[in-house]
Every structure is written in C-alpha cells, then in structure tokens.
Amino acid sequence: MPQVLTGDGTKIWMLRDRKAQFTRWAAWMVGAIIFLWCWKQISDATTWFFVWDAPRIAGDIGGRAMPPRWEYIDKLWKPLWDTLNIATLGTFFALIMAVPVAFLAAKNTTPSALFIRPVALFIIVASRSINSLIWALLLVAILGPGIFAGMVAIAIRSVGFCAKLLYEAIEEIDLKQVEAITATGASRWQVMAYGIVPQILPAFAGIAVFRWDINIRESTVLGLVGAGGIGLQLKGSLDTLAWPQVSLIILVIFGTVIVSEWVSARVRGAII
Amino acid sequence: MSAPVEERILLDDLVGKGWRKPPFIKRGWLRWGLILGGLVYLVVALASMDVNWTRVYEGLDRGWQFVLAFTNPDFTSRAADIKEGMIESIIMSIAATVVGIALSIPVALGAARNIAPLPVYLVCRGIVAMSRALNEIIVAILLVAIFGFGPLAGFITLSFASIGFLAKLLAEDIEDLDRSQAEAVKATGASWMQWINYGVQPQVMPRLIGLSIYRLDINFRESAILGLVGAGGIGATLNTAFDRYEFDTAAAILLLIIVIVMALEYISGIVRGWVQ
Amino acid sequence: MLELRNLSKTYKTGDKALNDVTLDVPGGQVLALIGPSGAGKSTLIRCINRLVEPTGGSVVLDGTDVTRLGSSGLRRMRRRMGMIFQEYALVERLTVMENVLSGRLGYVGFWRSWARKYPQADVDEAYRLLDRVGLLAMADKRADELSGGQRQRVGIARALIQNPALLLVDEPTASLDPKTSRQIMRLICELCRERDLAAIINIHDVKLAQMFVQRVIGLTKGVVQFDGPPEGLSEDVLTRIYGEEDWKETIAKDDGGEEAA
Ligand SMILES: Nc1ncnc2c1ncn2[C@@H]1O[C@H](COP(=O)(O)OP(=O)(O)OP(=O)(O)O)[C@@H](O)[C@H]1O
Ligand SMILES: [Mg+2]
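Just so it is clear, the model here is predicted, and its values are computed rather than measured.

*Asks:* Account for the overall build of chain C, naming residues and giving values.
*Replies:* Counting secondary structure elements, chain C contains 9 helices and 10 strands. Taken over the C-alpha trace, chain C has a radius of gyration of 18 Å; the compact-globule value for 261 residues is 18 Å, and the two agree within 12%. Each principal axis of the C-alpha distribution contributes one length, and for chain C these read about 55 × 45 × 35 Å. Residue pairs at least 24 apart in sequence account for 69% of intrachain contacts in chain C once pairs closer than 6 positions are excluded. Accessible surface, chain C: about 10900 Å² in total, of which carbon and sulfur atoms supply 45%.

Encoded structure:
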C-alpha cells in the first residue's frame, strides 16, 4: 500500500503514489493521441461528401430492399444445404487433423519440445491468423471455385483453432491418472488411450460443437469469393443490385445462424 | 448400502460371461439411429461435393508454387501497397477497438439482467444478437454501399462487431460477479454511478482489459478481409495479388499478418499477467 | 526378492531426495515406510518402478536390475509391480471395470485394449477381484461416482489384477477417514498374505502401521534411520526419525487400542 510521509513523519494513505499517478496519466494521454491520430487517418481517407449523403442512400437502399422477394427462397435451399455441408465436413476434417497437431503441441505429450513443438505451434498460429475468407480466396485460386474449396478453407482455418483449445486441454490433464496407467506396464499408445483420451474427450466434444457453430457463420459468406454456399447467391444479387433478394438472403443467413447457435447450445448441454 | 436381495449380483453369475463397456447412449435404437444417420449424412454430403478432380490435380501444382512462395516471399515489388494497406488495417483495428470498448460498456451494463430494467435489457440484448449474427463481411458490404469505399466503412464494421463480442462477455461477467461485494457497496448508500464505479468496475476491469486486447487481435485479423469488399485495409492488396497469381507477394502479406498476430498474442499474454 | 543397492536420487532442482538407500525385502513381507514429509518416501517408491529415474544405485527384482532395462523390458517389469496411490489415481471418466482391467494393459495388445476386448480370463479375474473388495455391484459405474474408500478398493483391484509380486503403496489412507483407513490397510495386508505378495507401504499414521505390518523402515532426509519390527518403535526412535516431539500418544500400546482422534 503506497503511503506518503508528511513533514512530521505521519503517514497519509493515498491510492497511488505520485509517480504511479503520473505514469497513468501519461499512458492515457498516449492512448488518446494514438486514437486521435488513427481517427485522423481514417477521416482523411474518407470522402465526407458521401458520408453526409449516407442517410439518404441508406433510406433509398432500405426502401428498395423492402419487402424481401419471398419467392426467391426456392432458389436458396440448395445453397443452404451446401453451406451446411461446407461447415460440417470442414469441421469434421479439421478435427481429424487437429488431434495429432494438438498432441504434438502439448508440452506433456510432444515427442520433442525443441524441434516438433515449435512446428506444431506455428501450424496453429498460421491457421488461426488467417481468416477463412482469405483461405477460401487462396484455395479458389488453387483448386478452382466451388464448395470443395470452401470446405478445405473451413477445415484449414479450423485446424489451428481446434488444435489450440485441445492442446490446452491436454496440458491441463491430471497427471496422476497418466502415471497410474504407466505404472501398470502399459505401452506409450495405451497410456494415451487410457490415461489421456478419456480426460480430454469432453473438451474435444465441446470444441467440435463450438467450432461447428462458428463455421456455419463463416461458410455463409465464403461464396463471396466463389467458394460455394449461400454467399454465392448473395454475391450474385449484390452484383445485379437485386436488393429484395439481398434482404431475403440476409434474413435467411440470420435465421441459419440463430438455429445453429441453438443447436450447438442444445448439443453442448447434452454432452456435458 | 445393501441392495435388495433379489437384485444382488452374484459373482457366479458373472464369471465366464463376457463384459462390454456400457454404451454412451443407452437406448439401442437411438444409438444405432445416430450412427447410421451420421454415416448416411457423410456419404450424401461427400457425394454432393461434386469435385472436379482434374481441376484439383492441375491446382496442386499451383498449390505447391504457393507453398514455395512462403520460402521466398516478395516484400519489395509491391512494398508501397503492402505498407499502406497494413497501416490502414492497423489503424482501423485500433480505432475500432477503442470505440468498440467505449460503446460496449453501456451496452453490457444494459444487457446484464441484474443491473438493467427489462426494456433496456431487451434492447441491449437485441443489439448484441444482431452484431453477433451478422458476419463482418456482410455488414461491410452494406456499409460500403452506404458510405462509399474506404476505411470508414471498415472501421464502423469492426466497431459494431466488437460491441457484440465485448458486450456479451462483459454482460455475462457482470451477471455472475460477486454479488455480496457489489451489495456491500450499495449498502453504504452509494448512488447508481458510484455503485458501478466501486462495486462493479473493480471486479470486471481485469477481464475487460484482457478481452480488449483479444478483440484487438480479432479485429486485426478481420480487417485483412474487409479490403475484399472495398472497406479498406490490406485485403485489397491481397486480393489483387491472388487475382494475378502473385503468390510471392501474397505469401509476404500473409507472413506479415501471422507475425503481427503472434506479436499481439505475446503482448496480450504480458498484459494479462500484468493486470492480475 | 527386492534389493535396493545404494539407491540415490537427486532431482534437477538439486534436492537430494534419496541418499544411498540399501534395503532387502524378502518375498511376502509387508513393510511400512515412515518418515517426515519430504523425507523421500514417495521418491523411493517411484524409483523402484522408475516413474522417477534414480540417479544412482540399482533396484534388483528377482535377480533383474530394473535400472538397466530398456523401455520394453521396463514395461514387462512394471507388470510385476502393482502400484496404489494416495489420491487413488483412477481414470475418473472410465467405469470401475475399465479401471480394473487397465491393470492388464501390460499383457494385452493396443487394439484389444482400445476395443475393450480383454481375454475372458482377465474379465473373470476382474469380477473376482471386484467381488473380493466388495464392489461387484459397482462394476459398470463411472469411477468418479464412487466414494474415496470405494475408489481405493478399485485401485487395489487394479494393482492386483496385474498379478504382481510386489505392491508399491503410496499413502493409501491419507485421504480417508480413520475407520475406512483401517479397513483399507487390513484389506491390503490380507490380500498380501493370501497371495504371498511383498509390499512397501508409505504411511504417515505410525499407529496404523504398527497394527498391520511386520517391519518398519524409518526414512529421514533420504537416509534410512530405522529398520526393525514395529515393536522397536520407541519414543527416541521416533524422535530420531521425525524430530523432537511428545510421542507417547503416537505409539501403539501392547493391546493396540483406539487411535487418538
Ligand atoms: N518432481 C520433483 N522435482 C524436484 N524435487 C522434488 C520432486 N519431487 C519431490 N522432490 C523433493 O524431493 C524430496 C522428497 O520428496 P518426496 O515426495 O519423496 O517426500 P515424501 O517423503 O513422500 O513426503 P510426503 O510425506 O509429504 O509425501 C522433497 O524435498 C521434495 O521437495
Ligand atoms: Mg509422498
């Protein structure tokens, strides 16, 4: 507790001493200056004329988008099915790849903390750092447009996410149980199957459902770069300025996301 | 704990009989139904994938070139574009995180059932739900249509997304924060503002700081795609690079993103340790 | 049967946990290892089955030097040494039966164990052991649904199904109430007698040890301070092991009366 000695030697309590208080102020000032500078850059790059006009444009678009073109829904079932497949299969393959990566990355299971662990960690960071839309962009360039590229993009993006959560779960396991299995004379793989797998299985199931939910959201927009799913219809409608279709598609996406969130919450509740 | 006589299990009944692990799902029809359903789905979904394997085969070569490009990334040919895009991405993320935090605090207070009255609660929860359900890129498309091209649309998109993210987690935190401690402050006769300031803020603050840095990280990663729809940032440069098959430039940009994300994660680790 | 020769362990942190421990355990002998916290009791037990690698000396079981074995030899040797833990160390999310059967892992191939297809003889033995420890009705319960005493019984069954020659027991009663503690100690000692097993039991409760074992080893700072029959534990022996304290209440009188609460 910082205290200040007054002239006659009595102590006065203060929340922070002067130096700490000054540092705090300085930090706030620096933060404010950085923010203002950032804002100035954004503002300089903006054509303010358009912005002042924005309410009118927004009203205009809103007027044209309402009411949504309900009949168009018939054309959306197939893309919706594709979107579901992209997310589900992508999650499925991501999980298959994430398991070995997680075991190689966890401190207590990695075969070599010096050589293999950094590689596994790099795979995780690389996969996580790059948005699935960028992966999709890349994969469309490599594999050609279509839902296959979308699925691979989702899978690649999810590997890092799942592996990260999984290896954290592996690092938190109870080592006593592992030791007990080791002490029976079990082999390395048996120790894994009996000592480690049962302990991380609930975490694994939770991660799978959690990521599936996220992937549904992400796969709804992959079509914007040609990777299949309902995003493709969105892009088509935007390009032709078919606003009533756009509003319908956004409503459908909204509904899908809410349903997937509900499903994942239910499944998670059932597992745990 | 003695079982009733007729239920008592006798060793002689069990020895010589096989043993099987009790299944996770007890009801047989449900278990088999789920397994079968899962398999059928997998087959149908894979069949509907409709992969053009010759195209994929041709693509492998390009994929390999891309992997090679990572060993030899080209930072120089488009140095000016990369630099400008990166700076714009960083600026957008920082500004959006600051605004996101500032706006998420009132929304979080409103979305916490133990603090806010019902109408306010419903409105704030609505905002959170909207922001979470609408993908950033869709919001960005609409905002670009409204505000025109440029980082302003991206900045607003990221701010809006940050509000949903931060406010939801913060509201949950506030909802299960230590009641007695907050009530002790209220018991002293403090006003609502004082109550928030002394009873709620100290408990939520460390987590808010941790979450903010995490959100900065997410915003930066998201900012990389906003350029695809003209909302500013590095995405535009990246898109051009892919379109022209300039994999070495794309690799350079991706590497930069990875390095910055790693740095942010490192910093957030330090700050989190420092806050606690 | 088990011989420890100048066994030493120095941890990476520099802690000298064991210092030239030499010990002979004949077959069938139940031995209590007592000593203050940090004396190196757990380390000693773990060095025997090499959950902790000793840094010096040797462990010889039935003529084989355990410290020189390669990994597959070590696994075969570990089957001969059942281990029982203080916190039971059951795999919480597996059933009682799976936990017991996991004692056979050293004998069963990976895929069989993965598919839970153990030989019928193992399954029968598991049922017999569960019956012996009084948990037959719990066979298909999950381990985390059991009470502490029940878990320790499962731990005992898991160690015994290995068909070991030696039991390594690390504070079997430290997490149990006095009555259950006694029952567990009695069970372990009875089973050792039935199957002619040697056992090394780490234990803090001196009185409890005196009630059941034939020999007591006192360990202090990694050095054997006392080695003799339980009756030999006098007040000054305990002072030598644990340090100055009033030991009258701790030592069992002739008729082994009730423990002090
Ligand atoms: N993994 C380890 N790393 C470093 N030092 C250790 C480790 N395990 C034990 N030690 C040290 O070795 C010494 C002996 O520890 P040990 O666990 O064998 O004591 P113990 O007699 O079993 O004590 P207790 O009765 O408390 O269980 C202690 O000084 C301890 O600090
Ligand atoms: Mg110990």
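*Asks:* Break down the sheet that holds strand β4 (residues 56–61) of chain C for me, with residues and values.
*Replies:* All names here are of chain C. Across the sheet, which stays open at both edges, the 4 strands sit in the order β2-β1-β4-β5 with antiparallel pairing between neighbours. Every other strand in the sheet has two partners, leaving β2 (16–25) and β5 (64–65) as the edge strands with one partner each. Sheet analysis places strand β1 (residues 2–10) next to β4, joined by 5 bridges and oriented antiparallel. Across the sheet, Leu2 pairs through a bridge with Leu61, a residue of β4. Along the sheet, helix α1 (residues 41–48) makes contact with β1, β2 and β4, crossing β1 at roughly 120°.

*Asks:* Just give me the short version of the site of ligand 1, but keep the residues and values in it.
*Replies:* Residue and element names in this part refer to chain C. Taken together, 14 residues sit near ligand 1, with Ser37, Gly38, Lys41, Ser42 and Thr43 positioned nearest. The separation between an oxygen atom of ligand 1 and a polar main-chain atom of Gly38 is 2.8 Å. Glu171 places a polar side-chain atom, nitrogen or oxygen, 3.1 Å from an oxygen atom of ligand 1. Per element, the largest residue contribution to the shell around ligand 1 is 3 residues, and it comes from α1. Residues that form the shell around ligand 1 fall into these classes: 4 nonpolar, 7 polar and 3 charged.

*Asks:* Can you break down the pairing of β4(C) residue by residue, with the values?
*Replies:* All names here are of chain C. Counting buried positions along β4 yields 5 of 6 residues, so the element is predominantly enclosed. As paired strands, β4 and β5 are joined by 2 bridges and run antiparallel to one another. Each residue of the ladder has a partner; that of Leu61, found in β5, is Thr64. Between β4 and the antiparallel strand that follows it, β5, lie 2 residues; Asp62 among them carries a positive phi value of about 50°.

*Asks:* Please give an account of the sheet that holds strand β6 (residues 81–84) of chain C that cites residues and values.
*Replies:* All names here are of chain C. Strand order in the open sheet formed by 6 strands is β6-β7-β8-β3-β9-β10, with mixed pairing between adjacent strands. Strand pairing shows two members of the sheet lacking a second neighbour, β6 and β10 (223–228), which therefore form its edges. When strand polarity is set aside, the average angle formed by the axes of neighbouring strands in this sheet is 20°. Here 4 bridges tie β6 to strand β7 (residues 166–170), and the two strands are oriented parallel to one another. Directly across from Met83, in β7, lies its bridge partner Leu168. Relative to the sheet, helix α6 (residues 148–160) contacts β6 and β7, its axis offset from that of β6 by approximately 170°.

Here is what the cut-offs are and how they apply
Residues numbered from 1 in each chain as written. Chains lettered and ligands numbered in written order. Predicted model: local features only at pLDDT ≥ 70, side-chain atom pairs only at ≥ 80, totals over all residues. Heavy atoms only, no water. Helix = DSSP H or I, 4+ residues; strand = E, 2+ residues; numbered from the N terminus. Rg over C-alpha atoms; globule rule 2.2 N^0.38 Å. Contact = heavy atoms within 4.5 Å. Areas by Shrake-Rupley, 256 points an atom, 1.4 Å probe, with all protein chains shown as cover. Pairing = 2+ DSSP bridges. Axes fitted to C-alpha atoms, helices over the stretch in contact; angles between N-to-C directions. Near = heavy atom within 4 Å. Polar contact = N/O pair within 3.5 Å; in protein donor to acceptor, adjacent residues only side chain to side chain. Nonpolar A, V, L, I, M, F, W, Y, C, P; charged D, E, K, R; others polar. Buried < 20%, exposed > 50% of the residue type's maximum accessible area, 1.4 Å probe, protein only.

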